[in-house]
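Survey of secondary and tertiary structure
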Amino acid sequence: MSKSIAVVSRIAFLASDVLVDAQPTLPATSQFAKHFHALAGSTGRRPVTFSVPSGGDPASTILRNSSGVPLSSFTASVTSHVAVRLVLHAGELSSLPLVLHISVVDDLSDILLLRSAVPFFLVSYTTQQAHDNALLASRLAHAEKKAVVHVFYEQSGGELEVSADDEIWRLLHSENVAPTNGYHTPATTNGVNGHATNGTNGTNGSHTPSEIDSPTPIDSPTDLITNETSNLYQLYEAAVLSTISTTRRTCRPFIFRGVDDPHTVAFVLGKLPHAIEIDGVLFVSIGLLSPLSASKILRAVPPSASRVIVLEQIRRSNTKWTPLYLDITSILQERQASQRVLVQSIWFTDLDEIDLPSLLKAFHTTNLKRTSPLQLGSGTSSGVLAQAPHVPKHEASYNKILSYVLGAHLEISNSPSLVPIQGTIATSPEYALGRVRGQLEQRAQLISGVQALMATDGASPELHKLLGQWLLVKDDRIKSRNVGEQVIAALETARLRSTHADRVLALKAHFPARSRWIIGSDAWSYDLGSSGLHHAIASGLDINILILDTVPYSTRHSADPHRRKQDVGLYAMNHGDVYVASVAVYSSYAQVLQAIMEADRHKGPSVILAYLPYQSEDTPALEVLKETKLAVDSGYWPLYRWDPVKEAKGQEPFTLDSDSVKNDLQQFLDRQNHLSQLVRSKPELAAEVVSSLGENVKEARRKKAAEAYSNLLVALDAPPLVILYASDGGTAEKYAKKLMNRAKARGLTVSIGTMDSMSIETLSSEEYVAFVTSTAGQGEPPQNGRTLFKALNAAALRGDQPFSKLRYAVFAMGDSHYWPRPEDAHYYNRPGKELDLRLEQLGGQRFAAIGLGDDQDADGPETGYKLWEPLIWKAFGVDNLQVLEAEPEPITNEHIKAASRYLRGTIVEGLEDTTTGALAPSDTQLTKFHGIYQQDDRDIRDERQAEGVEPAYSFMIRVRMPAGVCTPEQWLQMDRIADEHGNGTFKITTRSTFQFHGVIKRHLKPSIQAINKVLLDTLAACGDVNRNVICSAIPSKSRLHARVFEFSKLVSDHLLPRTTAYHEVWLDNKMVAGEAVKDFEPLYGEFYLPRKFKVAVAVPPTNDVDIFANDLGFIAIVDEHGELAGFNVAVGGGMGVTHGNKKTYPRLADVMGFCTVEQGPLVAEKVMLTQRDFGNRVEILTSVKNARLKYTIDRMGLDVFKAEVESRLGYKLAPARPFKFDRNVDDFGWTVGEDGKQHVTLFIENGRVQDEPGCDFKKGLREIAKIHKGTFRLTANQHLIISDIETNDVPMIKKLLAEYKLDNLNFTGLRLSSSACVAFPTCGLAMAESERYLPILVDKVEKICEEYGLRNDSIVMRMTGCPNGCARPYLAEVAFVGKAPGSYLMLLGGGYYGQRLNKIYRESVSEPEILAILKPMIKRYALERLEGEHFGDFVIRAGYIAPTTEGKHWYDRMGGEGEHREATTS
């Protein structure tokens, strides 16, 4: 970091009222901006700050915002673009109180353009000079209302004394210090940094022809400068005196270093090494370039000097001789003829090339008269080759897509690769357009030449035919290239003596038809009328323009509001002949591909606007994704395509690919008659779609408020009670409703709602309000209370007191052990505690003390609630009232199931309700049984809430596919459903099935009908029933897999619910008239199971299904002939946990006996029925949920449970037989089965099947499915096996795998063994990222593994976003379970083949802590592990963690062992 930039940034920040900062080219970020941000947090000043993007016009921003401002400052690192833009407006800028602080490194060429355009030009060479001249420039601009350029060199060190903040303010506002008797007398002669005779950078006894030696009045006749220059110099000296009075250091226009009687004087404008000294040479560093004092120049050249050298640090000049050289030459012409000196010019740039010998040689060369400047070093006066600009990694994604779609035909006309040859101008749109125009003209000449050659007699019939063929296919990308190569070969062979043939060969590079693209930034969107972009749009040329907009949605308002970015899309559409598309690769990859292909086909200009929001190269892809979703969802960045060719054909030219459009775009559509018709005929295009949702929500709130007011009038005899709750998981809502029911039973008038349903204005009119809130994330309020929390905080900051009549009570719910570290203890019940204090701060009065519910208490939050509730009744005077009627029982899932008429509920009515994208809460519990979860996009939830619209509801659909096997036809159908109804991707789940996300309500029924069309369904894929039965993939054991596959299907069908509701709701089958025939569930009954039930089938030695994590597991036992003899039966496994609640825990299944294949389905039935009848159905109002089979077995005891199952079977199970597992990961690559057919296992990271730049997995698998004759097997580790491949088909499959990079297994063992659940943004239970974050974490951890030689070693790592355990994290060797955004539970010690639970090692870790923990642990594992020892076994043996012997003891000895133990709060 530059020290000089830091000091200049500080002074600019403290002295200025307006700051304008120019951003460098990405990926670099402004060093000035970083200091401004830090100063904003540490000082009391807040200047108005504007940021000008790279390529923008800083001068226009300065002019708009500096009118009437005492002082403005502009900061930038010098570039030719910045300099040119400032010069264009120099006349206006020069009369403003403005300081232009420009940092340079080794070249003053660009910034010297400003010298003649501004009154004052200062140059600083050291950090101290940069500090002092920044003060001087600020004083000068502030006092004289004129522009000052302050150029300073970037320095990382150097001595520095800084002025205090108050001193800077006093300097700006002090009166001028008058010089004594008209002379300039410095305060001291012994300064620092070369400002005086004996300075730090000077030489004792050096010649310093200052006023101290021979004081001369400023207006002396010997001063040969003009009156205007003289006046400016007087103003400069006055500012110098004021600055000296503040800094106590001199500020000199020239800095001298050398001897008193030199033979050579070198005027230096640039930075020379301090150590260089030459006998007889006086170096004069120029600190004040404008105004340039002639008298001081003359005095600096003593009579002993015979030579003057002007030494400038520049690479190039627009004129042969630089202005400074000409000025000094002109001034020295005033000397008497006898004192004339030889004046020469030397340029230099690189300090590394400047040393004493090179200077001596250069000075010797100047003894000769030269006709041009001398270049010192390797540079040339015409400039050096520029380096190709860096393409930021995020932007490279669009380059990859262009290359992928267009291949060898792509030509980027402003490619960065042209810069080293043609200079930086090669990347500008104007230059690129000229280049394209020239190429198209040359191709037109080629076509004319070919036609002329065909008309000559010298062409052979074969050549004539080839020329004709080329003319026919000249616009075809592939054929024009192939035929063109044949034409060239024929011409070179024929050697025709023809000018036409010579012309054609000279233009042979233009035979292939090319797709020409110009790629630019959103800076081109400013001042469209005069930009190169305008000329490209209006040119009519066949040119494609890709404009990248990188402004994040969340920072869209931080830019200069006057510097309005024009909408290039609307601008281009108004031309009528331009293809226009607006795309976003992180929203719809398929739409990007479609737009590029359509733009390429369009004969004329095409403009594609591409959204890519990021602030630096370090911005995670996850943040880019979230910002994109916000922008697209809100309508800020609509996705659309406009094809004028369609309009010419009478078709609609506009296609909207997203749900929302901007107002500007909507107005454009309304101006077009045909598009107005389109808007009316397709209501989803109307802007009312988004806005009406907000109005509905507001209307509902008004009705609720009116109803509450009506209840107030009815119950005048007792004060009404309003109960407001904030709840994510539903527990706080249950307590709020419990309080409501108990209040009504005591005769109170009660209303209830979420906190966000109440505004501060409405709340201020209430008299008694009880708040119930849980704790979310890292001490944050729940989602449906955050708006009110934010409003309360804002009111407190304003000092408002709106609650003078409000009386309130708060019940807060949390977990005192959720954040165990002492420094995190304040997160416990933080929302409730802060709410209690904030209400008091805003004028409210408590009518009951705050109640604290703790999950760690014996009865959970109930313990604290029982202490708090009586305080409510006492405040209302009903504490002694005896309640005779039974309090209404809260509605639970058991009630919903019983009243659902066998899973019908009101789902049909909900699907027909178009006023909302959601279903009723009770129906969302029932749709789980149909394989459907209601979700919303959590990335944009807060944004939509702020806009007053409902969440972006969508649904997840999970397919029931026993054993995870599907046909190619079924795969293709799943692919189509994802594109037509989902978000364009689908997921392979840990239950070996398909899962779709982003399905909106009106697409639910078509999606499920499409699934059923290929003989699959979604019934019982979720819910309190037996879910998808999974089995080992085992591709090498074809015959055995066939048996277990059939067995899995048999068990699945046997345990399937029998309700016809599924077919009525989704497949439009009608019930028997009058419901004459009632539904009946022979296995489940009307209540179904207490909780979900999972079955798996494993084939040793591979435990890829994690058999012990299931409620019921069948472990295949093979006899001595290799035939399936039967199964060991394991019961009681399960993964779900509630954070901090030790009554919940993961558990491994126990093996309780052996059954034959024929007995298997009946055994499964009886185990499930025993759970149905003995499982815990008590829905108590706590976070304890122990209804799974694992808790039933621990409560009953395995022996008792087994006896109950055997009694229902009517026989005893046989003793379990021996078996052995050795892994639970997949075997990747090719395998030959027993039947000779081949199988290939592909790595699909976290099961997400999608297309990405360079990784078109979804498309590749679609192409494979079109030709594959076997099956697809989905593994429980979220990977894919292309199975049963005939030998003859292997080459084609391998070709497709290679083409789409699906055969790439060059991954670390860690990555191949990793797994993650979906989590954000769709899962409503997620507390932290999982699927989107685990690959990023693996990137970093695998570098540690590779560092210690463990690249190929398998370490099972899993991650989930919540403790429910979908990715089976509690069996992994190392696992992370989300607790809050960026915070995870860390677990260690799981068994490599799923035979042992892991244990909590740290209760809260972030990424830096994870890496800090794992690095030494992995290093030690690499050095100390035993032969064949896996990581999970090692961490136990090495003493990091204790082994988990059974689920009930999971919490014992958690937190590490010995020296590795984590300290926790008591």
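Here goes a summary of the coordinates provided. (Residues numbered from 1 in each chain as written. Predicted model: local features only at pLDDT ≥ 70, side-chain atom pairs only at ≥ 80, totals over all residues. Heavy atoms only, no water.)

This part covers the overall build of the chain. When helices and strands are tallied, the chain shows 47 helices and 48 strands. Per-residue burial for the chain yields a buried fraction of 57% across its 1466 residues. For the chain, restricting intrachain contacts to residue pairs at least 6 apart in sequence, the fraction spanning at least 24 positions comes to 75%. Split by element, the accessible area of the chain, about 59,400 Å² in all, is 52% carbon and sulfur. (Helix = DSSP H or I, 4+ residues; strand = E, 2+ residues; numbered from the N terminus. Buried < 20%, exposed > 50% of the residue type's maximum accessible area, 1.4 Å probe, protein only. Contact = heavy atoms within 4.5 Å. Areas by Shrake-Rupley, 256 points an atom, 1.4 Å probe, with all protein chains shown as cover.)

Attention now moves to the sheet that holds strand 34 (residues 1112-1118). Taken together, the 5 strands give an open sheet; going across it, the order is 32-33-34-35-36, and neighbouring strands pair in mixed fashion. Edge positions in the open sheet fall to strand 32 (1030-1031) and strand 36 (1150-1155), since each of these has one partner strand only. In this sheet, strand 33 (residues 1095-1098) lies alongside strand 32 in parallel orientation, the contact comprising 2 bridges. The partner of Cys 1031 across the bridge, within strand 33, is Val 1097. (Pairing = 2+ DSSP bridges.)

Moving on, we come to the packing of helix 1 (residues 3-15) against helix 6 (residues 127-144). Where helix 1 contacts helix 6, the two axes come as close as 8 Å, and the packing angle between them is 20°. Considering the angle they form, helix 1 stands roughly parallel to helix 6. For the pair helix 1 and helix 6, the crossing hand works out as right-handed. Contacts between helix 1 and helix 6 involve Lys 3, Ser 4, Val 7, Val 8, Arg 10, Ile 11 and Ala 15 from the former and Thr 127, Ala 130, His 131, Ala 134, Leu 135 and Ser 138 from the latter. Of the residues belonging to the contact of helix 1 with helix 6, the class tally is 7 nonpolar, 4 polar and 2 charged. (Axes fitted to C-alpha atoms, helices over the stretch in contact; angles between N-to-C directions. Parallel < 35°, antiparallel > 145°, perpendicular 65-115°, else oblique. Left-handed = near helix turned anticlockwise from the far one by under 90°. Nonpolar A, V, L, I, M, F, W, Y, C, P; charged D, E, K, R; others polar.)

With that settled, consider the packing of aromatic side chains. For the coordinates displayed, the defined rule picks out 37 aromatic pairs. On the basis of an interplanar angle of 65° and a centroid distance of 5.4 Å, the ring pair of Phe 1219 and Phe 1221 is categorised as edge-to-face. Taking relative accessible area as the criterion, Phe 1221 reaches 4% and is therefore assigned buried. Pairwise contacts between aromatic rings join Trp 971, Phe 986, Phe 994, Phe 996 and Phe 1272 into one cluster. Over the aromatic face of Tyr 1401 sits the side chain of Arg 1402, whose NZ or CZ is 4.1 Å from the ring centroid. Positioned over the ring face of Tyr 1421 is Arg 1425, at 5.1 Å from the centre of the ring. (Phe/Tyr/Trp six-rings, centres within 6.5 Å; stacked < 30°, edge-to-face > 60°. Lys NZ or Arg CZ within 6 Å of the ring centre and 35° of its normal.)

Ranked by size, the top nonpolar core spans 97 residues in total, and within it Trp 971, Phe 996, Phe 1114, Phe 1127 and Val 1167 carry the most contacts. Setting aside its immediate chain neighbours within four residues, Phe 996 contacts Phe 955, Met 956, Ile 957, Val 959, Met 974, Ile 977, Ala 978, Phe 986 and Ile 1011. With 57 residues, the next largest nonpolar core counts Ala 22, Leu 108, Val 265 and Ile 286 among its residues. (Core = buried A, V, L, I, M, F, W, Y, C linked by side-chain atoms within 4.5 Å.)

A word on the side chain of Asn 1128. Among the secondary structure elements, Asn 1128 is positioned in strand 35 (residues 1124-1131). For Asn 1128, a relative accessible area of 0% corresponds to the buried category. Only 2.6 Å separates the side chain of Asn 1128 from the backbone oxygen of Arg 1217, close enough to count as a polar contact. Once you skip the residues sitting within four places of it in the chain, Asn 1128 turns out to touch Gly 1113, Phe 1114, Ile 1115, Ile 1117, Val 1151, Gly 1153, Phe 1154, Ala 1216, Arg 1217 and Phe 1219. (Polar contact = N/O pair within 3.5 Å; in protein donor to acceptor, adjacent residues only side chain to side chain.)

Strand order in this open sheet of 5 strands is 44-45-46-47-48, and the pairing throughout is mixed. Strands at the two margins of the open sheet, each flanked by one partner only, are strand 44 (1314-1316) and strand 48 (1399-1405). Adjacent strand axes in the sheet meet at a mean angle of 15°, parallel and antiparallel pairs treated alike. Pairing geometry for strand 47 (residues 1383-1388) and strand 48, over 4 bridges, is antiparallel. Paired with Tyr 1384 across the strands is Val 1405, a residue of strand 48.

A contiguous nonpolar surface patch, about 310 Å² in accessible area, is contributed by Val 84, Val 87, Leu 88 and Leu 113. Turning to its location among the elements, Leu 113 is positioned in the loop between strand 4 (98-104) and strand 5 (120-124). Under the relative-accessibility criterion, Leu 113 is labelled partly exposed at 32%. (Patch = residues over 30% accessible without salt bridge, like charges linked within 9 Å, V, L, I, M, F, W, Y side chains within 5 Å. Salt bridge = Lys/Arg side-chain N within 4 Å of Asp/Glu carboxyl O.)

Tallied over the full model, the rule gives 71 salt bridges. Linking Lys 626 and Glu 1329 is a salt bridge whose minimum nitrogen-to-oxygen distance equals 3.3 Å. Of this pair, Lys 626 sits in helix 21 (residues 621-634) while Glu 1329 sits in the loop between strand 44 and helix 45 (1334-1347), and the two are 703 residues apart along the sequence. Using a relative accessible area of 22% as the deciding quantity, one classes Lys 626 as partly exposed.

Examined against the element boundaries, Val 1405 turns out to sit in strand 48. For the pair formed by Val 1405 and Lys 1379, sequence separation is 26 residues and the distance between their alpha carbons is 9.4 Å. For Val 1405, the residues in contact, after removing those within four places along its chain, are Gly 1382, Ser 1383, Tyr 1384, Met 1386, Ile 1410 and Ile 1413.

Below, the discussion takes up helix 6. A rise of 1.5 Å per residue sets the reference length of helix 6, with its 18 residues, at 26 Å; its end C-alpha atoms lie 25 Å apart and thus fit the reference within 8%. With its phi angle positive at about 55°, Lys 145 sits one or two positions after the end of helix 6. (Expected span 1.5 Å × (residues − 1).)

To continue, consider helix 28 (residues 786-798). Its 13 residues place the ends of helix 28 18 Å apart at the C-alpha level, agreeing with the 18 Å of an ideal helix rising 1.5 Å per residue. Where helix 28 is concerned, the buried positions are Arg 786, Leu 788, Phe 789, Leu 792, Ala 795 and Ala 796. The inward-facing, buried residues of helix 28 contact helix 27 (760-764), strand 23 (768-773), helix 29 (830-841) and helix 34 (941-946). Residue Gly 799 follows helix 28 closely and has a positive phi angle near 80°.

Okay, unusual backbone geometry next. Here the residue pair Ser 290 and Pro 291 is connected by a cis peptide bond, since its omega of -5° sits within 30 degrees of zero. Relative to the assigned elements, Pro 291 resides in the loop between strand 10 (288-290) and helix 9 (294-300). Along the chain, Pro 1100 connects to Pro 1101 via a cis peptide bond; the corresponding omega equals 10°. The phi angle at Ile 1034 is positive, at roughly 30°, despite the residue not being glycine. Take Ile 1034: it is sitting in the loop between strand 32 and helix 37 (1038-1054). You will see that Ala 1319, though not glycine, has its phi angle at about 60°, which is positive. You can see Ala 1319 is positioned in the loop between strand 44 and helix 45.

A separate point is the environment of Ala 459. Within the element layout of this structure, Ala 459 appears in the loop between helix 14 (429-454) and helix 15 (461-473). On the basis of relative accessible area, Ala 459 is assigned to the buried category, the value being 14%. Not counting residues within four places of it along the chain, the set of residues in contact with Ala 459 comprises Leu 453 and Leu 496.

This next bit is on the pairing of strand 7 (residues 254-258). The buried fraction of strand 7 is high, at 5 of 5 residues. Examined bridge by bridge, strand 7 and strand 9 (residues 281-286) share 5 bridges and lie antiparallel to one another. Bridged to Arg 257 within strand 9 is Phe 283.

Right, let's get into the side chain of Asp 939. Position of Asp 939 among the secondary structure elements: in the loop between strand 27 (932-936) and helix 34. Of the polar contacts made by the side chain of Asp 939, one reaches the side chain of Lys 629; its length is 3.1 Å. Side-chain polar atoms of Asp 939 contact the side chain of Arg 1332, separated by 2.8 Å. Ignoring anything within four residues of it in the chain, the contact list for Asp 939 reads Lys 626, Lys 629, Leu 630, Pro 1321 and Arg 1332.

The next subject is the pairing of strand 46 (residues 1374-1380). The buried fraction of strand 46 amounts to 7 of the 7 residues, a majority that puts the element mostly inside the structure. Here strand 45 (residues 1357-1360) runs beside strand 46; their pairing, made up of 4 bridges, is parallel. The residue of strand 46 that forms the bridge with Met 1359 is Phe 1376. The antiparallel pairing of strand 46 with strand 47 creates a hairpin that spans 2 residues between the two strands, and Gly 1382 there sits at a positive phi of about 80°.

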